[in-house]
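What follows is each chain in one-letter form.
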Amino acid sequence: MLVVNSDHDNTASRAGTDVVNPWEERKDRGRVAALVAALALLATSPRGFFGGTRVDAGWWGPLLFAGLVVALGALLNGLILFVLTLTLPDAVLELVSRMELLGEPADVSGLEGNSFLQRILPFLGLQLLLLFLPFVFAFGLLASLFSAGFAHLLLIITRSPRPNGFRGTGVAACYAAGAFLLTAVPVVGDVLAIVGSAGLFAVGLHVLQGVKASRAALLAAILPLLLFVGAILQIVLAALAA
């Protein structure tokens, strides 16, 4: 059963740990300060972060963390691309746009050769991004739960230890979403985010569920690998169709 804690309930790390999960102290620190501190700790000491995380603190905190980080990464990516659009030469901008999988502006707008109208598109894109941020937030929640469900099924199939049940796997998946802040990096951000998230998820499974490190790394990498293969197949099929 899902247990949801509101922000009125302050949480703390597990007893006996020296490191505290800053996000669980968001009532005292404030959400912004707690989010920054949590991301910094995840980046510098992921094992300590998960070691100081309370699995029994409820679902709301981890889910909120995942949604906020995914939305923040998308927002920062949009802002960075917006600035690059206004500053980069056209040839470099076209290359960046293609590598970001945004498509060629002329193809999207149907206004080939009209550089002025193509320059307006980033403003419209930024506004659309702001409008869709709530959906990005919701996507972060659902993606974390899906990843947790997939990994937990693998834990059951492989008869791996899972003393904290699905909640332990879910908490690990939600906090592993902290790597999705890397989506703010143009061109390579998505790849970095997926790889980083898989690494953090493996650490979370190892610490919170007691899964052997090598097995945790393998289980955490299966879903990203499947998504990567699917994306490659889609690109190949699209190229063959063209």
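Cut-offs and rules
Residues numbered from 1 in each chain as written. Predicted model: local features only at pLDDT ≥ 70, side-chain atom pairs only at ≥ 80, totals over all residues. Heavy atoms only, no water. Helix = DSSP H or I, 4+ residues; strand = E, 2+ residues; numbered from the N terminus. Contact = heavy atoms within 4.5 Å. Areas by Shrake-Rupley, 256 points an atom, 1.4 Å probe, with all protein chains shown as cover. Buried < 20%, exposed > 50% of the residue type's maximum accessible area, 1.4 Å probe, protein only. Polar contact = N/O pair within 3.5 Å; in protein donor to acceptor, adjacent residues only side chain to side chain. Salt bridge = Lys/Arg side-chain N within 4 Å of Asp/Glu carboxyl O. Phe/Tyr/Trp six-rings, centres within 6.5 Å; stacked < 30°, edge-to-face > 60°. Expected span 1.5 Å × (residues − 1).

**Here we look at the overall build of the chain**
A tally of regular secondary structure across the chain gives 10 helices and zero strands. When the elements of the chain are put in sequence order from the N terminus, they spell out α-α-α-α-α-α-α-α-α-α. A separation threshold of at least 6 residues defines the contact pool for the chain, and within that pool the share at least 24 residues apart is 70%. For the chain, the exposed area adds up to about 13200 Å²; of that, 71% sits on carbon and sulfur atoms.

**Examining the side chain of Thr-53**
By secondary structure assignment, the location of Thr-53 is in the loop between helix H3 (46-51) and helix H4 (60-87). Thr-53 gets classed as buried once you look at its relative accessible area, which sits at 0%. At 3.0 Å, the side chain of Thr-53 forms a polar contact with the side chain of Asn-21.

**Structural notes on the pattern of salt bridges**
Enumeration according to the criterion identifies two salt bridges in this entry. The closest approach of N and O atoms between Asp-56 and Arg-54, which form a salt bridge, is 2.9 Å.

**What about the packing of aromatic side chains?**
Applying the stated rule across the entire model yields six aromatic pairs. One aromatic cluster is present, built from ring pairs that chain together Trp-23, Phe-49, Phe-50, Phe-65 and Tyr-175.

**Some words on helix H8 (residues 165-176)**
Its 12 residues give H8 an end-to-end C-alpha distance of 17 Å, which sits within 8% of 16 Å, the value for a rise of 1.5 Å per residue. Along H8, nine of the 12 residues are buried, which leaves the element largely enclosed by surrounding structure. Every buried residue of H8 is accounted for by Gly-168, Thr-169, Gly-170, Val-171, Ala-172, Ala-173, Cys-174, Tyr-175 and Ala-176.

**Concerning unusual backbone geometry**
Despite not being glycine, Arg-159 has its phi angle at roughly 55°, a positive value. Along the polypeptide, Arg-159 turns up in the loop between helix H7 (115-157) and H8. When its relative accessible area of 76% is taken as the criterion, Arg-159 is described as exposed.

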